[in-house]
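What follows is the residue order along each chain.
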Amino acid sequence: MNPVYEKLQNCYESVKAKIDFTPTVALVLGSGLGKFAEEIEVVGSISYSEIEGFPTSTVPGHAGQFVFGYVDKVPVVCMQGRVHYYEGYPITDVVLPMRLMALMGAKYAFLTNASGGINRNFKAGDFMLLNDHISLFAPNPLIGPNIDEIGTRFPDMSSVYDPILRDIIKNVADDFGISMQEGVYAQLTGPSFESPAEIRMLGKLGVDAVGMSTVVEAIAANHMGMKICAISCVCNLAAGICDTPLTHDEVQEAAAKAAPLFKQIVRETIVRIGNL
Ligand code: HPA
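Described in the following lines is the structure provided in the data block. Fair warning: this is a prediction, and the values are worked out from it, not measured in the lab.

Conventions and cut-offs
- Residues numbered from 1 in each chain as written.
- Predicted model: local features only at pLDDT ≥ 70, side-chain atom pairs only at ≥ 80, totals over all residues.
- Heavy atoms only, no water.
- Near = heavy atom within 4 Å.
- Polar contact = N/O pair within 3.5 Å; in protein donor to acceptor, adjacent residues only side chain to side chain.
- Helix = DSSP H or I, 4+ residues; strand = E, 2+ residues; numbered from the N terminus.
- Nonpolar A, V, L, I, M, F, W, Y, C, P; charged D, E, K, R; others polar.
- Axes fitted to C-alpha atoms, helices over the stretch in contact; angles between N-to-C directions.
- Parallel < 35°, antiparallel > 145°, perpendicular 65-115°, else oblique.
- Left-handed = near helix turned anticlockwise from the far one by under 90°.
- Contact = heavy atoms within 4.5 Å.

1. Quick notes on the site of the ligand
Every residue near the ligand is listed here: Ala 114, Ser 115, Gly 116, Phe 193, Glu 194, Val 210, Gly 211, Met 212, Asn 236, Leu 246 and Val 251. Take Ala 114: an N or O atom from its main chain is 3.4 Å from a nitrogen atom of the ligand. In the environment of the ligand, a nitrogen atom lies 3.4 Å from a nitrogen or oxygen atom belonging to the backbone of Ser 115. Where the shell around the ligand is concerned, the elements lending two or more residues are strand 5 (108-117) and strand 8 (209-211). Top contributing element to the shell around the ligand by residue count: strand 5, with three residues. Each residue belonging to the shell around the ligand can be placed in one class, and the counts come to six nonpolar, four polar and one charged.

The structure is reproduced here in structure tokens:
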């Protein structure tokens, strides 16, 4: 068997032995946004370290566990903390959790992250709805023998961020009076923040916000036929646009500040996804 698929199956069996739960929504909580898990009526949790062979999250602000439960009546599995490529895991391990959540039954992937704003109309603390992405700076997680059991060799990428889910998020933001930017997100590997020249280049390529996650997960989720939406918390203006050095503490602080509004948007979006 393909070793990547075998590992996925083993992790799936390990999770199934610990909890009997079929999620509708797979939610990934980005840097500093993990507190959303408090909104979930929790029925169980599994720490990544309890799953044999599973990558563990080593980044401050990322708890490193799956939380299972309900948001209103919608069954959700939530990654409280994600795994990043820059932590040193192979890219297939980085997307293993997303694939696992799809195998558990999740039809919808809701991705969140912290980013640096490149679009000159953005300010720190804004939210951005992803309408597309650029993946070219991180390895494609589908490289290697295709796992035919989960998806096709050459998946279409023309509408990764589902238009219906995007409309839901825009309507939720409108209904709550929360401003929501929209744009293209690029994933770079990190862990160093970008240089001003890199940010100028990304701006010319049409990138509105930059970060170190999400796109590879979206590619893996799309490969498995999930419907995907994603929101970024623009925690800082990117290098060369802001005039101070960037720190992870600043990113976490900005995300924590945005958390109450973020919670409202995520919660109501999940409720409305439950009504689809
Ligand atoms: N660059 C990359 N990733 C980020 C940034 C940034 O400026 N802010 C938060 N995550």
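Anyway, onward from the coordinates.
2. A few points about the packing of helix 1 (residues 3-18) against helix 3 (residues 96-104)
Running from N to C, helix 1 and helix 3 point in directions that differ by 60°, and their axes come no closer than 10 Å. With respect to helix 3, the element helix 1 is oriented oblique. Two packed elements cross with a definite hand, and for helix 1 against helix 3 that hand is right-handed. For the pair helix 1 and helix 3, contact is made by Val 4, Lys 7, Leu 8, Cys 11, Tyr 12 and Val 15 and by Leu 96, Arg 99, Leu 100, Leu 103 and Met 104, respectively. Each residue belonging to the contact of helix 1 with helix 3 can be placed in one class, and the counts come to nine nonpolar, no polar and two charged.

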